[in-house]
Number of protein chains: 2
Amino acid sequence: MNTVLRGTGKEITIGSGRPFVIIGEKINPTGNKKLAAALSAGDFEYVSLLASRQAAWGADVLDVNVGVPGMDEPAVIKRVIAQIGSVSDLPLSIDSSDAKVLTAGLEAAPGKPLINSVNGDLRRLDEVLPLAKARGAAVIGLAMDEAGVPATPEGRLGIAERILAHAARVGLPAEDVIIDPLVLTVGSDSQAALVTLQAIELIKRELEVNINLGVSNVSFGLPERPNLNQAFLILAIQAGATCAIADPMKLGYAARAAEVLLARDAHALRYIKYFRAAEARRAQEEQTLASSAGEQRR
Amino acid sequence: MNTVLRGTGKEITIGSGRPFVIIGEKINPTGNKKLAAALSAGDFEYVSLLASRQAAWGADVLDVNVGVPGMDEPAVIKRVIAQIGSVSDLPLSIDSSDAKVLTAGLEAAPGKPLINSVNGDLRRLDEVLPLAKARGAAVIGLAMDEAGVPATPEGRLGIAERILAHAARVGLPAEDVIIDPLVLTVGSDSQAALVTLQAIELIKRELEVNINLGVSNVSFGLPERPNLNQAFLILAIQAGATCAIADPMKLGYAARAAEVLLARDAHALRYIKYFRAAEARRAQEEQTLASSAGEQRR
């Protein structure tokens, strides 16, 4: 089953026979004080930098979250989306738990965006799925509800089925629902990653939908987290995940490497293309650093 | 099935319920001109450095290869093994295609060493397996013969069966044979890694032996090889590999991360222990660099 997203430029197709899709997670003020301060001050240059840097490092879609307490989020998300559009033609993922912010973001977003996210909570489904249908957007459905994240793969499959049933009821096709089976942190539950890998396989087999993962939660509280995040992404791709919300600068190589090894990237063409883009980006960033150092010396 | 190796210190057990074992590959002059020159000059200090550095970065076994053209390899391997013994108590893997070098290495090695390697070639089996039996050593059996590496997982299983049959004939127990299903480079054959992953699963299921991999061949000719090597190691561990010949500095984290995610490292204890040792090692190396820079300034 293929999920198609569109920005102002080329179409992105998420699907099992397709390249793994990375949804760049960096436009999110949670844990990024610099972005939070910039958004509060009405300074959107940093948003441009985050958008173009993620695109250069291989992001296929850009997640947009403007959750700063006390801010007029519907107004800010429109401004942020306009700013992203000035430097990137990628599809957007509108990331909010507030329906007013989602509505504003969906209105401002070009093409066919993604909504991040609904879950199995009925009030949330009733609120968000009609928005997706009306806008012609796709949606990420998290395999949890008001009772939390089920401990078993079967429990998460059950919530995925509930989300798809509600989507069908409002006329949103199954290919526009991407299920996220969620991962808890292995630091507090040794079985956490394994359960998620099993949930990916089960949901994929039973429902044939696209599978998304927020990768970095798995390593919370442990040192040298990129090692765990990369390994988890690789295992998740093998299990059947088709997209991930992630930092493309840290996880781009892992995704491309997994595809090469699983014979999903003939002649390693995408891997080599990623390498060349990364090298070009690195050279450019070094030049920027060198020239700003030069200015400081003057 | 458990394969036990011994150095002068603690015993190392390779097996499915056990921590993944890394056989440090760095004591090998092929592609290391500095080591080749040092060995030719009779300077063994660099061997000590390679041994202690690999041990500090998590190697469980040390591979010893002294293949420099024109050198008296049997004499050199004895000297190298004595040198390693002065800084490390780890088990050794005696790595040569020359029976005279193997014999000398097995004589000099402490405890219970590993032989790297035999393959399905009958002359090689008849030459090496009796050496292993006589010395009480374990042996790596490569899934190839004089006709090359079979293209299919089934073909590699067939050679593994042949090696085990010959081992049984000389009285070498199956637990002392570690099968290496081999990997060709994905750069020239897109199916190469996938075939090896399938071969690991097949050989593991049918023969229940330990499985070794020489990881780095998979990425030959491609850029940023550690990304591919790490990803391949992670997928191989999931498929059932129990040890690898690898650079512990580059692949240690990937192995420990895979174990955490596959619920084979409760509370991430080994991962955290690896992190602490790596940090300590890094601090020590920085101190060494700083003090040698200090000496140069004097």
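Residues numbered from 1 in each chain as written. Chains lettered and ligands numbered in written order. Predicted model: local features only at pLDDT ≥ 70, side-chain atom pairs only at ≥ 80, totals over all residues. Heavy atoms only, no water.

1. Regarding the overall build of chain A
- Per the secondary structure count, chain A includes 10 helices and 10 strands.
- Each principal axis of the C-alpha atoms in chain A carries an extent, and together these give about 65 × 45 × 40 Å.
- Put simply, 68% of the contacts in chain A that link residues at least 6 apart link residues at least 24 apart.
- When the accessible area of chain A is evaluated, it comes to approximately 12,200 Å², of which 51% is carbon and sulfur surface. (Helix = DSSP H or I, 4+ residues; strand = E, 2+ residues; numbered from the N terminus. Contact = heavy atoms within 4.5 Å. Areas by Shrake-Rupley, 256 points an atom, 1.4 Å probe, with all protein chains shown as cover.)

2. A few points about the relation of the copies chain B and chain A
- The two copies are related by a screw operation: chain B maps onto chain A through 180° of rotation and 0.0 Å of translation along the axis, at an RMSD of 0.1 Å. On the angle and the small slide along the axis, the relation comes out as a two-fold axis. (Least-squares fit on C-alpha atoms with pLDDT ≥ 70 in both.)

3. Details of the sheet that holds strand S8 (residues 177-180) of chain B
- What the 8 strands build is a closed barrel, ordered S3-S4-S5-S6-S7-S8-S9-S10 (chain B); its pairing is parallel. In this sheet, neighbouring strand axes are inclined to one another by 30° on average, regardless of whether the strands run parallel or antiparallel. (Pairing = 2+ DSSP bridges. Axes fitted to C-alpha atoms, helices over the stretch in contact; angles between N-to-C directions.)

4. Here's the deal with the sheet that holds strand S3 (residues 21-24) of chain A
Residue and element names in this part refer to chain A.
- An order of S3-S4-S5-S6-S7-S8-S9-S10 is seen for the 8 strands of this closed barrel, with the pairing classed as parallel. Each strand axis lies, on average, 30° off the axis of its neighbour in the sheet, ignoring direction.
- In this structure, S3 lies alongside strand S10 (residues 243-246), joined through 4 bridges in parallel fashion. By the bridge assignment, Ile22 is partnered in S10 with Ala244.

5. Points about the packing of helix H4 (residues 99-108) of chain A against helix H5 (residues 122-135) of chain A
Residues and elements named next belong to chain A.
- Closest axis-to-axis distance for the H4/H5 pair is 11 Å, and the angle between their directions is 10°. One way to sum up the angle between H4 and H5 is to call them roughly parallel. Here Ala99, Leu102, Thr103 and Leu106 of H4 lie close against H5, whose contacting residues are Arg124, Glu127, Val128, Leu131 and Arg135.
- In the contact of H4 with H5, the residues fall into 5 nonpolar, 1 polar and 3 charged. (Parallel < 35°, antiparallel > 145°, perpendicular 65-115°, else oblique. Nonpolar A, V, L, I, M, F, W, Y, C, P; charged D, E, K, R; others polar.)

6. A short note on the pattern of salt bridges
Residue and element names in this part refer to chain A.
- Considering all chains together, one arrives at 26 salt bridges over all chains under this definition.
- Of the charged contacts, one joins Arg6 and Glu11 as a salt bridge, the two residues approaching to 3.3 Å between their closest N and O atoms.
- Salt bridges linked by common partners bring Lys26, Asp247 and Lys250 together as one network. (Salt bridge = Lys/Arg side-chain N within 4 Å of Asp/Glu carboxyl O.)

7. Regarding the nonpolar core
- Ranked by internal contacts, the top residues of the largest apolar core, which has 179 residues, are Leu39 and Val80 of chain A together with Leu39 and Val80 of chain B.
- Residues within four places of Leu39 of chain B in sequence aside, it is in contact with Pro29, Phe44, Val47, Val66, Val68, Met71, Val76 and Val80 of chain B. (Core = buried A, V, L, I, M, F, W, Y, C linked by side-chain atoms within 4.5 Å. Buried < 20%, exposed > 50% of the residue type's maximum accessible area, 1.4 Å probe, protein only.)

8. Examining unusual backbone geometry
All names here are of chain A.
- Look at the link from Asn116 to Ser117: it is a cis peptide, with omega at 15°.
- In this model, His267 sits at a positive phi of 60°, which is unusual for a non-glycine residue.
- Topologically, His267 is positioned in the loop between helix H9 (248-261) and helix H10 (269-297).
- Note on His267: relative accessible area 55%, which makes it exposed.

9. Details of the pairing of S8 of chain B
Residues and elements named next belong to chain B.
- Of the two faces of S8, the one holding Val177 and Ile179 and the one holding Ile178 and Asp180 are both buried throughout.
- Sheet topology note: the strand S7 (residues 138-142)/S8 ladder contains 4 bridges and is parallel. Residue pairing across strands places Leu142 opposite Asp180, the latter belonging to S8.
- On the question of chirality, the crossover connecting S7 to the parallel S8 by way of helix H6 (residues 153-170) is right-handed. (Right-handed = clockwise from strand over helix to strand, strands pointing away.)

10. Quick look at helix H7 (residues 192-207) of chain A
- Its 16 residues place the ends of H7 of chain A 22 Å apart at the C-alpha level, agreeing with the 22 Å of an ideal helix rising 1.5 Å per residue.
- Turning to H7 of chain A, its buried residues number three or more, namely Ala192, Ala193, Val195, Thr196, Leu197, Ala199, Ile200, Leu202, Ile203, Lys204 and Leu207 of chain A.
- For H7 of chain A, the elements touching its buried residues are helix H6 (153-170), strand S8 (177-180), strand S9 (210-214) and helix H8 (225-239) of chain A together with helix H9 (248-261) of chain B.
- Phi turns positive one or two residues past the end of H7 of chain A, at Glu208 of chain A, with a value near 60°. (Expected span 1.5 Å × (residues − 1).)

11. Details of the interface of chain B and chain A
- Across the contact, 35 residues belong to chain B and 35 residues belong to chain A.
- Summed over the shared surface of chain B and chain A, the result is 8 residue pairs in polar contact (both at pLDDT 80 or more).
- Only helix H7 (192-207), helix H8 (225-239), H9 and helix H10 (269-297) of chain B provide two or more residues apiece to the side of chain B that touches chain A.
- Element by element, the count of residues in the side of chain B that touches chain A is highest for H8 of chain B, at 9 residues.
- Counted by class, the side of chain B that touches chain A contains 24 nonpolar, 6 polar and 5 charged residues. (Polar contact = N/O pair within 3.5 Å; in protein donor to acceptor, adjacent residues only side chain to side chain.)

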